[in-house]
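Chains, contacts and geometry: an overview
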Amino acid sequence: MGLLAATGVAADSSCFVVDLDQFNGPLDLLLILIREEEVEIADIPIARIAEQFLERVHGLGLSAAAEYLEMAARLLRIKAQMLLPQRDAGDDWQDPRAELVRRLLEYQQMREVADVLEKLSEQRRSQFRSGCVSPERAETAPALQLSLAELLAAADRVIRMVRHPGVHDVIPRALDVDGAMLTIRNLMARSPLLRWVDLISWNAESWEVLSALLALLELARRGELRLRQTRSFGPLEILRDAASEAA
Amino acid sequence: MTPLAKLLEAALIASGRPALPDELIALDPDASPASILLALDELRRQYETEGHGIELVEIAGGWQILTRSEFTEAIERAQLAARPQRLSGAALETLAIIAYRQPVGRSEIEEIRGVAVGGMLRQLLDRGLIDVEGRAEGIGRPLLYGTTPVFLEYFALRHLGELPRADELSIALRTQPAPLA
Amino acid sequence: MTPLAKLLEAALIASGRPALPDELIALDPDASPASILLALDELRRQYETEGHGIELVEIAGGWQILTRSEFTEAIERAQLAARPQRLSGAALETLAIIAYRQPVGRSEIEEIRGVAVGGMLRQLLDRGLIDVEGRAEGIGRPLLYGTTPVFLEYFALRHLGELPRADELSIALRTQPAPLA
């Protein structure tokens, strides 16, 4: 399986239904796999778990959820790091899994508390409070307690809402990933090596930049090109073929 | 108390509204109408002989447990001493939108919050925190809302200019860390 | 039953939500805190010994009368009352983190859960289970969240200390320098 290649990009909305119903996130899925495999959190057989994670994410159509893809990438990175020779550094060697293990333990602890809360709420749900609230009470509303901090926090939330428009909102110009892919293919046909700056004009709008970036990632995923960065923060190089190992 | 009387007590307390005979019969498939009436009578007597603060009364063709009227005054008095109420997060958001966009119509508020705010506006109007400032032009000439002097008083503001500017608030949003960062 | 116990019964039935000690004391200007406690105990015993369908419980720092759980199914079947909706697993996880780490910011919750929680926080705020407790220092001064009395009421907790301590959980974090409170 070509790693993420098999997951596809179809963002069917039903993916999120599965996501919500079955797992509470990538860490939840990971914990379930670890339990199923009956392995220790502290000593995860990373190659096997990564493979199963990808399989499950693919099989359930969770691939549209960024959080699962992010975790998949993380697992593959750890898997790669585990393959590197540990040299003979001994004490200096840091288990690449350490951070993941810490997060899993932390998450599992919260999961346990969530289970305690669920039991408590089930118990409380099994009892009704009295439903007869005397009608007079509603007439005389008690004094209000308000603080400026609360109002500002609410204003803050409102602004955040406005900045995250819902799907029904009209976006002035939609992303054009297909168009950008066509452009990149045409450019690649003429030159085997491109730079990021060749793809977008200096005055490109944000939707154009985003379209180009997504197109680039999609083409890389399909193996039509590969991306290389020779040094940290160095210029991004776009190469025509994907035959050799990615940097 | 018999099991049926206990069940009726729990059901009547939980319901709050008068429960109809059919509903009470539905509580226990084995109970006959006659046994329900017997159990109701048992409950009524229980409250009377033990001297409870509540009583069983027949209302609107059904039965309801109500607090005895002699305690109404004390209960209301204690309500006045109750801890002050707080506005819900949703009500505060509506108030914040009005404070920053006034005069503003209901449809604009609903567009921002993504939910109906009719009940919320009533609550804020009742509390005197907002008032109708006028009407917009256009179809239906919708009402426009704004904040009141009571609003300033509640938040100890001298004037609206003392609220931080919206773009000062939004700095917090632009720097919100991305998930999994 | 003593007059004070009767008054308390009426007040608790009328209130519905847990009544705080201060509110109960306000019911009767002549009552001392000690006499209130005695009357509450009398009421609790009354329900127990007479075998009622209701009971007196201590929740969220106050007292509340609830129906006994054995009758819930029958009451729901007869449609005289309905249980509140269950919280989702994701909501419970988010609440667990907030309960143990409060005051806590959104990014820390997202770091632990591994997913974005913006929408979830909105829902929990709307239901009154959490509230904004303040702002953190640092860039953007992110909002900090904490649990509310409604949270305690929802889980029938007297106080947060009734939740299991971090070292009582089967997974105790040894690598984490700052364990749960």
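Reading the values: the criteria
Along each chain, numbering runs from 1 in the same order as the chain's sequence is written. As they are written, the chains are lettered A onward and the ligands numbered 1 onward, keeping that order. Given that the model is predicted, a residue must reach a pLDDT of at least 70 before its local features are reported, and side-chain atom pairs must reach 80 or more before they are shown or counted; all residues, however, enter totals for whole chains, interfaces and linings. Hydrogens are left out, water is left out, and the side-chain values use all remaining heavy atoms of the structure. Helix and strand assignments follow DSSP, with helices taken as H or I runs no shorter than four residues and strands as E runs no shorter than two, numbered in order from the N terminus. Only protein chains enter the calculation, and the probe is 1.4 Å; a residue is then buried if its accessible area is under 20% of its type maximum, exposed if over 50%, and partly exposed in between. Each accessible area is a Shrake-Rupley estimate made with a 1.4 Å probe; only the visible protein chains count as cover when residues are assessed. A pair of strands counts as paired when DSSP detects no fewer than two bridges linking them. Contacts between residues were defined by any pair of non-hydrogen atoms, one from each residue, lying within 4.5 Å. Orientation is described by axes fitted as lines to C-alpha atoms, over the contacting stretch for helices, and by angles from 0 to 180 degrees between their N-to-C directions. Take the accessible area each of two parts loses on contact, using a 1.4 Å probe, and add the two losses: that sum is the buried area. Any Lys or Arg side-chain nitrogen located within 4 Å of an Asp or Glu carboxyl oxygen qualifies as a salt bridge. Two N or O atoms form a polar contact when they lie within 3.5 Å of each other; inside protein one atom must be a possible hydrogen donor and the other a possible acceptor, and for residues adjacent in sequence the pair counts only when both atoms belong to side chains. Basically, the charged four are Asp, Glu, Lys and Arg, the nonpolar ten are Ala, Val, Leu, Ile, Met, Phe, Trp, Tyr, Cys and Pro, and anything else, Gly included, counts as polar. Confidence of the predictor at the level of single residues is captured by pLDDT, which takes values from 0 to 100. Orientation categories follow fixed angle ranges, with anything under 35 degrees roughly parallel, anything over 145 roughly antiparallel, 65 to 115 roughly perpendicular, and all other angles oblique. Grid points spaced at 1 Å over the protein atoms alone were grouped into cavities, where a 1.4 Å probe fits but cannot get out, and pockets, open sets with protein on both sides within 12 Å along at least five of seven lines, with lining residues defined by an atom within 4 Å of a point. Grid points are joined across faces, edges and corners, and a volume is the space filled by probe spheres set on the points. The pairing test for Phe, Tyr and Trp rings, Trp by its six-membered ring, is centres within 6.5 Å, and the orientation test on the planes gives stacked under 30 degrees, edge-to-face over 60, and tilted for anything in between. Two joining distances apply to patches: 9 Å for like charges and 5 Å for nonpolar side chains (Val, Leu, Ile, Met, Phe, Trp, Tyr), and every residue must have over 30% relative accessible area and no salt bridge. Working definition of a nonpolar core: buried Ala, Val, Leu, Ile, Met, Phe, Trp, Tyr and Cys residues. They are joined through side-chain atoms within 4.5 Å.

The secondary structure content of chain A amounts to 10 helices and four strands. The helix and strand sequence of chain A, counted from the amino end, reads α-α-α-α-α-α-β-α-α-β-α-α-β-β. Burial analysis of chain A (247 residues in total) assigns 38% to the buried set. If you sum the accessible surface of chain A, you get close to 14300 Å²; carbon and sulfur atoms cover 55% of it.

For the rest of this paragraph, the subject is the sheet that holds strand β5 (residues 130-135) of chain B. Residues and elements named next belong to chain B. Spatially, three strands are ordered β4-β6-β5 in an open sheet, and the strand pairing comes out antiparallel. The sheet terminates laterally at β4 (104-105) and β5, the two strands that pair on one side only. Of the strand pairs in this sheet, β5 and strand β6 (residues 143-147) are connected by five bridges, and their pairing is antiparallel. The residue of β6 that forms the bridge with Gly 134 is Leu 144. Contacts from helix α5 (residues 89-101) reach β4, β5 and β6, with the element oriented near 95° to β6.

What follows covers the interface of chain B and chain C. Frequently, the measure chosen for interface size is the accessible area removed from exposure when the parts meet. Listed by partner, the interface residues are 47 residues for chain B and 48 residues for chain C. Carbon and sulfur atoms make up 59% of the surface buried where chain B meets chain C, a total of about 3800 Å² over both sides. The tally of links from chain B across to chain C stands at one salt bridge. Here Glu 93 of chain B makes a salt bridge to Arg 122 of chain C, at a shortest N to O gap of 2.8 Å. Applying the counting criterion to the chain B and chain C interface returns 11 residue pairs in polar contact (both at pLDDT 80 or more). Contributions of two or more residues to the side of chain B that touches chain C are made by α1 (3-15), α2 (21-25), α3 (33-49), α4 (72-80), α5 and α9 (166-174) of chain B. By residue number, the principal contributor to the side of chain B that touches chain C is α1 of chain B, which donates nine residues. Looking at the side of chain B that touches chain C residue by residue, the classes come out as 27 nonpolar, 10 polar and 10 charged.

Considering every residue of chain A, the mean pLDDT works out to 73; 72% of them sit at 70 or more. Throughout residues 165-172 of chain A the model reports pLDDT below 50, and contacts reaching past four residues in sequence, or to other chains, amount to zero contacts.

Okay, the side chain of Thr 94 of chain C next. All names here are of chain C. Mapped onto the elements of the fold, Thr 94 is located in helix α5 (residues 89-101). For Thr 94, a relative accessible area of 0% translates into the label buried. Among the polar contacts listed, one links the side chain of Thr 94 to the side chain of Arg 113, at a separation of 3.1 Å.

Residues and elements named next belong to chain A. The N-to-C vectors of helix α2 (residues 26-37) and helix α4 (residues 66-83) enclose an angle of 55°; their axes lie 9 Å apart at closest approach. For the element pair α2 / α4, the angle class is oblique. Residues Pro 26, Leu 27, Leu 29 and Leu 30 of α2 pack against Glu 67, Tyr 68, Met 71 and Leu 75 of α4. Partitioned by chemical class, the residues of the contact of α2 with α4 number seven nonpolar, no polar and one charged.

Looking now at the pattern of salt bridges. Tallying each qualifying case throughout the model produces 42 salt bridges over all chains. Salt-bridge contacts for Asp 115 of chain A lead to Arg 111 of chain A; the nearest nitrogen and oxygen are separated by 3.0 Å. Taken as a pair, Asp 115 of chain A and Arg 111 of chain A lie in helix α5 (residues 98-125) at a separation of four residues, close to a single helical turn. By relative accessible area, which is 33% here, Asp 115 of chain A ends up partly exposed. A salt bridge links Glu 76 of chain C to Arg 83 of chain C; the shortest N-O distance between them is 3.0 Å.

The next subject is empty space enclosed by the protein. All chains considered together, the criterion is met by two cavities of 30 Å³ or more. Empty space within the largest cavity amounts to approximately 110 Å³. Only α4 of chain B together with α1 (3-15) and α2 (21-25) of chain C provide two or more residues apiece to the lining of the largest cavity. Looking at the lining of the largest cavity, its residues break down into seven nonpolar, two polar and two charged. Here the second largest cavity defines a volume of roughly 30 Å³. If you go around the second largest cavity, the residues you meet are Glu 150, Ala 153 and Arg 157 of chain A, Gly 89 and Leu 92 of chain B together with Asp 131 and Val 132 of chain C. At the level of elements, α7 (148-163) of chain A, α5 of chain B together with β4 (130-135) of chain C are the ones that each hand at least two residues to the lining of the second largest cavity.

Next up on the list: the interface of chain C and chain A. On the side of chain A, 42 residues touch chain C, which itself brings 63 residues to the contact. Buried area between chain C and chain A, summed over both chains or domains, comes out near 4600 Å², and the portion from carbon and sulfur atoms is 57%. For the interface between chain C and chain A, the tally reads six salt bridges. With its nearest N and O atoms 3.6 Å apart, the salt bridge here joins Arg 129 of chain A to Glu 153 of chain C. Applying the counting rule to chain C against chain A returns 15 residue pairs in polar contact (both at pLDDT 80 or more). Considered class by class, the residues forming the side of chain C that touches chain A number 36 nonpolar, 12 polar and 15 charged.

Moving on: the packing of aromatic side chains. Residue and element names in this part refer to chain C. Counting across every chain of the model gives two aromatic pairs over all chains. With a centroid separation of 5.0 Å and an interplanar angle of 70°, the aromatic rings of Tyr 154 and Phe 155 are classed as edge-to-face. Assigned by exposure class, Tyr 154 and Phe 155 land together as buried. Taken together, Phe 151, Tyr 154 and Phe 155 form an aromatic cluster joined through their ring pairs.

Turning our eyes to something else, we now look at a nonpolar patch on the surface. Residue and element names in this part refer to chain A. A contiguous nonpolar surface patch, about 320 Å² in accessible area, is contributed by Leu 210, Leu 213, Leu 214 and Leu 217. Mapped onto the secondary structure, Leu 213 falls in helix α10 (residues 206-221). We classify Leu 213 as partly exposed; its relative accessible area is 38%.

Of all hydrophobic cores here, the largest spans 55 residues; its most connected members are Leu 12, Leu 24 and Leu 27 of chain B together with Leu 12, Leu 24 and Ile 75 of chain C. Ignoring anything within four residues of it in the chain, the contact list for Leu 24 of chain C reads Leu 8, Leu 12, Ala 19, Ile 36, Leu 40 and Trp 63 of chain C. Leu 117 of chain A together with Ile 59, Leu 66 and Leu 121 of chain C belong to the second-largest nonpolar core, a separate cluster that totals 40 residues.

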